[in-house]
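# Breakdown of the fold
Chain by chain, the residues:
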Amino acid sequence: MAIGFLGTGSYLPDRVVTNDEIAELVTDATAEWVLAKTGIATRRWAAPDEATSDLAAGAALRALDAARLTPGQIDYLIVSTSTGDFPQPPTACLVQDLIGARDAACFDVNAVCAGFVYGVELAHALTTARPGTRALVVGADVYSRILDFTDRRTAVLLGDGAGAAVVGEVPDGGILRVDLGSRGDAQDLIKVVAGGSRVPTSAATVAAGGHHFTMQGRGVRDFVLENVPKLVDELVTDLGLSVADVDCFVPHQANGVLLRELAARCGLADAHTHLVVDRYGNLGSASVPVALDDAVNSGHVRPGDLVLLSAFGGGMSVGTGLVRWSA
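Bear in mind the structure is a predicted one, so any value in this text is a computation, not a measurement.

Rules of the game
- Residues numbered from 1 in each chain as written.
- Predicted model: local features only at pLDDT ≥ 70, side-chain atom pairs only at ≥ 80, totals over all residues.
- Heavy atoms only, no water.
- Salt bridge = Lys/Arg side-chain N within 4 Å of Asp/Glu carboxyl O.
- Buried < 20%, exposed > 50% of the residue type's maximum accessible area, 1.4 Å probe, protein only.
- UniProt positions renumbered as here; feature names shortened; annotations may be inferred.
- Helix = DSSP H or I, 4+ residues; strand = E, 2+ residues; numbered from the N terminus.
- Pairing = 2+ DSSP bridges.

## Re the pattern of salt bridges
If you walk through the whole model with that rule in mind, you get 11 salt bridges. Where Arg177 meets Asp179, a salt bridge forms, and the shortest distance between an N and an O atom there is 2.9 Å. With a relative accessible area of 26%, Arg177 lands in the partly exposed category. Look at Asp179 and you get partly exposed, because its relative accessible area is 23%. Between Arg183 and Asp185 there is a salt bridge whose closest N-O contact spans 2.8 Å. Owing to a relative accessible area of 33%, Arg183 belongs among the partly exposed residues under this scheme.

## Focus on the UniProt feature "domain: Beta-ketoacyl-[acyl-carrier-protein] synthase III N-terminal" (unreviewed entry) in the protein chain
Under the UniProt annotation, the feature "domain: Beta-ketoacyl-[acyl-carrier-protein] synthase III N-terminal" (unreviewed entry) is placed at residues 107-184. Within the segment residues 107-184, helix and strand shares are 24% and 40% respectively, and the terminal C-alpha atoms sit 23 Å apart.

## Digging into the sheet that holds strand S12 (residues 272-273)
Across the sheet, which stays open at both edges, the five strands sit in the order S8-S14-S13-S11-S12 with mixed pairing between neighbours. In the strand order of this sheet, the two ends are held by strand S8 (174-182) and S12, each with one partner.

See the structure below:
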C-alpha cells in the first residue's frame, strides 16, 4: 500500500478583517496599497478567547470527518506552529485533549511557514515504518497576537487559521516524495527576537517590541525566487517527471504578487496555482493545508492529479512535495 492523504480539513476564525480596517490600524498603509502590494483583500483573526490549539482542533476534526475516521483511530498527532498556546507543553498535546485522540503520540514541529510540509514528511516516514498506522498533521498559527502595527511590511500580511490532513495507507498514488532543506545563514530574514533563552522575556523586551513578528520582505522574496524554483525542478526531475506534469500547485500563501511570480519562475503556467491568500492572508504554517483543503473541496484536485506542495518559512526552511492524489 502507498502512503497518502486520507482526508483534509480547515478552520478559519469568524472575524473577517478588511483592508479598510487594516489601514486604520497600520501606520502609513491604505487599503489600495495593501491590495496592490500583497493581493490580499481580507484576512481572518481569532477571537479573544481562541488560541492556536482551538483552531487546530477545529481543522483536525474536519480532516478526520473527511477521512471517515474517529480521533481514537489516530496513532500520531503532529502540530506545526510557531505561535503555540504556551512555550510548553506542546500544542499537539492540547489538541489531543480537545479532540479526544487518547492513543496518539503527540509532538510539535516548528519550521515556521514550512512546518506543515515538514510534518507531512514525518508522518510519511512514521506510517511507512509501521504499516496500518495513521497520522494527523495540523498546521496552525495565530499571528494576529504578535503583529507590529507600525510595520506595514508585515502587519498587513498575516492572518490566523488552521488546516489539517490525515496521512495513512491509500490504494494508489500517494506521497511520491518530499524534499526538505534549511539555510541557517538566512536566519535573520524572519524572526521573533525576544522570549527565548537568548533574549528572555522582560519588561524591557516587551517595551521594545521584541516579541513582535519581524520580516525582511525583500530578502525573503529574493530567497524564495532564488531557491524554490531550483528545488521544484530537482524534485520533479529526480522522479522522472516534468513540471508540465503538475496538475495543481499549492504553495505557501505568503503574498499574492510573489506567488504569481514564483509560479512563472517554476514553469508552472499549465498548472492550476491554488490561491486563498486574497481571502485569508498569510496563515503561516496553516497556509498550505488550508489552500490544499480549499483546492480539494472546490474540485481543483481530483483523483489521479499530480499535486505539488511548496512551503518556505523562517530559518530559512523550505519543503517541497509531490503527491499523486488517490481516489
